[in-house]
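Below are the chains, spelled out letter by letter.
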Amino acid sequence: MAPAGNFESLQAAIQNGADSVYFGVDQLNMRARASVNFTMDDLSEIVRRCEEKNMRTYLTLNTIVYDHDLSVVKTLLNRAKEAGITAVIASDQAVIASARGIGMEVHISTQLNVTNIETVKFYSLFADTMVLSRELSLRQVKHITDQIEKDEIKGPSGNLVEIEIFGHGALCMAVSGKCYLSLHSDNSSANRGACKQSCRKKYTVTDQETGFEIELDNEYMMSPKDLCTIDILDQVIASGIQVLKIEGRGRAPEYVATVIKTYRKAIDAYYLGTYSKKKVSLWMDALNTVYNRGFWSGYYLGQKLGEWSNHNGSEATQKKIYIGKGTHYFPEAGVAEFKIEAYDIKKGDKILITGPSTGVEEVVIEDMFVNDLPFEKAKKGDNITLKLPFRVRMSDKLYKITQA
């Protein structure tokens, strides 16, 4: 299950083997501030693209909802139903009831902290899929999935309740709980999708009696490392879950492309019987190239305390540098033209091209024409043409990939 914060990320998910996508519309989702988000008018296009690949579409509507939000909630749900969105991910009972009232499939958000089988039984009256609390171990997850089968706990669809857990991406200090730090520090509610990420900063601890200050040594003590389960994927699958959720609606489209592609390979390898430590090592190298705060396995193996980041921002081994934008594509020749707006680019460089319809494409420059003549290098102001196996649009952006 892939995150989609915009059309570039949506297309990246589609191209790299996701089975489903989740996304927010306007302000009523937990990433209202962190990602561009879609509008109601985008819903039909999202469904059209995903249905072509037989992918499911999930609308996140999981913030705290106030009375003045209710009319917008109902309008959004009706529009989602009309567009053919598969399900809504919800945590507020008003959203759950409204969705069920129009016959829309409901998934229970991690915000509701489902941690035991009796809670699963209760929400099975309303929902077909539940995202478990991120504090659970895989042993606890396995107990829940086993009990669902044993007790034949079914959702409104008549099928056994499906269990979803987080597989990769950012964790916050509140894990699956309600965090108020951003509200206290910036009057900006995380539970309304407007987190300012106060926990990601470095802090000094002060003794209130003496005024003595201690700077925490190399640790952002409220900023956990990112979750990564690719090295324990065999245990994750054995826990009986049906959906592995990749976090990252606020991250770049190349993050979505790389993470989804890598987990797709790993999951397929598991079912083919070729999952191995050697492959895990290669997959970890790939995951390290895109945004991350370092990795740990969360609480799945029974660890009681988190592992904290010792850097501000990403530890990715690669970074992208903006070079220019697409200006034309010649379909018969398979040639794309770009305007270089910043920095130099040369033969042998690894480049990244992103766009709402193009998604994410990475290639190495083998041959390049500069102002219609073959050249090894291009600079700011030049027009270049490249032979590419995919279509480039005028909205597409060109980046160079370098070591961080």
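Structure shown above.
Quick caveat, the model's predicted, so the values are computed rather than measured.

**Student:** What is the right way to read the nonpolar core from this model?
**Tutor:** The nonpolar side chains of soluble globular proteins are, as a tendency, buried together. Leu10, Phe23, Leu61, Ile108, Val120, Ile163 and Ile165 are the most contacted members of the largest nonpolar core, which has 89 residues in total. Looking at this core element by element, the count peaks at nine residues for helix α9 (residues 253–272). Discounting residues that sit within four places of it in the chain, Ile108 has contacts with Ala90, Ile96, Val114, Tyr123, Ala127, Thr129, Met130 and Val131. Ile323, Ala336, Ile340 and Met368 belong to the second largest nonpolar core, which has 19 residues in total.

**Student:** Would you mind showing me how to read the pairing of strand β11 (residues 243–246) here?
**Tutor:** Regular strands have side chains that alternate between both faces of the sheet. Taking every second residue as pointing to the same face, both faces of β11 are buried, with Val243 and Lys245 on one and Leu244 and Ile246 on the other. As judged from the four bridges shared by strand β7 (residues 162–169) and β11, these two strands associate in the parallel manner. From the neighbouring strand, His168 faces β11, where its bridge partner is Ile246.

**Student:** How should the packing of helix α3 (residues 70–83) against helix α4 (residues 93–101) be read in this particular structure?
**Tutor:** The angle between the axes and the distance between the axes are what describe a pair of packed helices. Relative to each other, α3 and α4 sit at 35 degrees, their axes nearing to 10 Å. The way α3 lies across α4 gives a crossing that is right-handed. Contacts between α3 and α4 involve Leu70, Val73, Lys74 and Leu77 on the former and, on the latter, Ala94, Val95, Ser98 and Ala99. Classifying every residue of the contact of α3 with α4 by side-chain character gives six nonpolar, one polar and one charged.

**Student:** Help me understand helix α6 (residues 138–150), please; the structure alone is not making it clear to me.
**Tutor:** An α-helix turns once every 3.6 residues. As a result, residues three or four positions apart point the same way. With 13 residues, α6 ought to run about 18 Å at 1.5 Å a step, and its terminal C-alpha atoms sit 18 Å apart, in line with that. Residues of α6 that are buried in the fold lie against α5 (117–123), β7 and α8 (233–238). Count one or two residues on from α6 and you reach Glu152, which has phi positive near 50 degrees.

Here is what the cut-offs are and how they apply
- Residues numbered from 1 in each chain as written.
- Predicted model: local features only at pLDDT ≥ 70, side-chain atom pairs only at ≥ 80, totals over all residues.
- Heavy atoms only, no water.
- Core = buried A, V, L, I, M, F, W, Y, C linked by side-chain atoms within 4.5 Å.
- Buried < 20%, exposed > 50% of the residue type's maximum accessible area, 1.4 Å probe, protein only.
- Helix = DSSP H or I, 4+ residues; strand = E, 2+ residues; numbered from the N terminus.
- Contact = heavy atoms within 4.5 Å.
- Pairing = 2+ DSSP bridges.
- Axes fitted to C-alpha atoms, helices over the stretch in contact; angles between N-to-C directions.
- Left-handed = near helix turned anticlockwise from the far one by under 90°.
- Nonpolar A, V, L, I, M, F, W, Y, C, P; charged D, E, K, R; others polar.
- Expected span 1.5 Å × (residues − 1).

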